[in-house]
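Single-letter residue listing:
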Amino acid sequence: MSGKRTFAVAITGASGAIYAMRTMAALLERNCHLEVVISDYGKRLLHDELGDKASVNRLREYLVETYGDAAKQGTFDLLSNKDLGAAIASGSHDCEAMVIVPCSMKTLAGVAHGLSRNLVERAADVMLKEKRRLVIVPREAPMSLPQLKNMVLCAEAGAMILPAMPAFYQMPKTLDDLADFMAGKIVSALGFDHNLYPPWTGSVAP
Ligand SMILES: Cc1cc2nc3c(=O)[nH]c(=O)nc-3n(C[C@H](O)[C@H](O)[C@H](O)COP(=O)(O)O)c2cc1C
């Protein structure tokens with residue numbers, strides 16, 4: 001065991017690859033160990049939204065180039081979504097929480113119905129059955145009634161639904177500001193302090 005706090009990070013095929021990268025960097029900066037699973041469409045969206053430099057075989061380089069040397073502090077393993085024998089597929093593994101960022105409506109449905117068709121869905125199922133923190137960051141617009149009901153099912157099972165909905169009262173200037181806001185919400189949900197966005201003080205900053 002590394003002695004580091006261990007989290008599962010799943011990246012699926014919804015828009016918002018930048019949220020996934022900023023979240024990974026924020027957890028690595030906090031010296032965490034990450035068990036990372038990226039679905040096939042998650043890989044495609046990483047490439048489509050962030051380009052060649054964010055391809056799966058150079059994620060660490062991308063994170064350090066983009067977010068700085070602090071991202072070197074933690075460690076991560078990249079797991080196959082097909083490997084239902086990976087450690088995070090078992091409740092006996094010491095993974096304390098999981099975030100699915102971004103979460104597609106397909107993966108949301110699989111988690112809501114306990115399908116465990118791949119490692120992302122199985123690891124999420126493990127979090128729910130073990131009563132551990134599962135943060136789901138869904139993105140779709142508009143949403144159908146089945147999609148809304150699937151969020152309710154997950155919330156009823158104990159997951160936190162943290163929609164990919166950055167706020168604008170912090171006066172974001174760049175896409176990175178929006179990603180910081182979402183990553184801040186996520187690391188906060190995982191129990192970390194952060195300064196990814198300024199705390200609300202009761203009025204918009206001048
Ligand atoms: C460019 C692109 C953008 C997509 N954006 C979304 C999205 O925002 N939300 C969503 O639920 N699905 C989106 N999809 C569809 C999913 O990728 C698709 O349903 C896929 O099967 C999800 O599989 P996964 O959950 O295993 O990653 C998008 C697909 C593409 C190609």
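Residues numbered from 1 in each chain as written. Predicted model: local features only at pLDDT ≥ 70, side-chain atom pairs only at ≥ 80, totals over all residues. Heavy atoms only, no water.

Visitor: Even after reading the chapter, I still don't get helix α3 (residues 59-67), so can you show me in this structure?
Guide: Structural remark: α-helix, 3.6 residues per turn; residues separated by three or four positions point the same way. Residues of α3 that are buried: Leu59, Tyr62, Leu63, Val64 and Tyr67. Its buried side turned inward, α3 meets α1 (17-29), β2 (33-38), α2 (40-50) and β3 (75-79). Immediately beyond the C-terminal end of α3, within one or two residues, lies Gly68, with a positive phi of roughly 95 degrees. (Buried < 20%, exposed > 50% of the residue type's maximum accessible area, 1.4 Å probe, protein only. Helix = DSSP H or I, 4+ residues; strand = E, 2+ residues; numbered from the N terminus. Contact = heavy atoms within 4.5 Å.)

Visitor: Is there a simple way to explain the side chain of His33 in this structure?
Guide: Turning to its location among the elements, His33 is positioned in strand β2. There is a polar contact of 2.7 Å between the side chain of His33 and the side chain of Thr75. Engagement of the side chain of His33 in a polar contact is seen with the side chain of Asp77, the distance being 3.3 Å. (Polar contact = N/O pair within 3.5 Å; in protein donor to acceptor, adjacent residues only side chain to side chain.)

Visitor: Looking at this model, I keep getting lost on the sheet that holds strand β5 (residues 133-138). Mind explaining?
Guide: Sheet strands line up and pair through hydrogen bonds in the backbone, either parallel or antiparallel. The sheet built from six strands is open, its strands ordered β3-β2-β1-β4-β5-β6 with parallel pairing. Two strands lie at the open edges of the sheet, namely β3 and β6 (160-161), each paired on one side alone. Here strand β4 (residues 97-103) runs beside β5; their pairing, made up of five bridges, is parallel. Paired with Ala97 across the strands is Arg133, a residue of β5. Sheet strands in contact with helix α4 (residues 105-112) are β4 and β5, and its direction is about 145 degrees off that of β4. (Pairing = 2+ DSSP bridges. Axes fitted to C-alpha atoms, helices over the stretch in contact; angles between N-to-C directions.)

Visitor: In this structure, what is going on with the pattern of salt bridges? I would like to understand it.
Guide: Close approach of charged atoms lets side chains of opposite charge pair. Tallying each qualifying case throughout the model produces 10 salt bridges. Residue Arg22 pairs with Asp180 through a salt bridge whose shortest N-O separation is 2.8 Å. Remark: Asp180 occurs in helix α7 (residues 175-189) and Arg22 occurs in helix α1; sequence separation between them is 158 residues. Owing to a relative accessible area of 8%, Arg22 belongs among the buried residues under this scheme. Since its relative accessible area comes to 18%, Asp180 is described here as buried. One salt bridge in this structure joins Arg58 and Glu65, with 2.6 Å as the shortest N-O distance. One salt-bridge network, held together by shared partners, links Arg22, Glu29, Arg30 and Asp180. (Salt bridge = Lys/Arg side-chain N within 4 Å of Asp/Glu carboxyl O.)

Visitor: Sorry if this is basic, but what is going on with the packing of α1 against α2 here?
Guide: Packed helices, taken two at a time, are described by their axes: the angle between them and the distance between them. For the pair α1 and α2, interaxial distance at closest approach is 9 Å and the crossing angle is 100 degrees. With respect to each other, α1 and α2 are oriented roughly perpendicular. Together, Ala17, Ile18 and Met21 of α1 and Leu45, Leu46, Glu49 and Leu50 of α2 make up the contact between the two elements. Looking at the contact of α1 with α2 residue by residue, the class counts come to six nonpolar, no polar and one charged. (Parallel < 35°, antiparallel > 145°, perpendicular 65-115°, else oblique. Nonpolar A, V, L, I, M, F, W, Y, C, P; charged D, E, K, R; others polar.)

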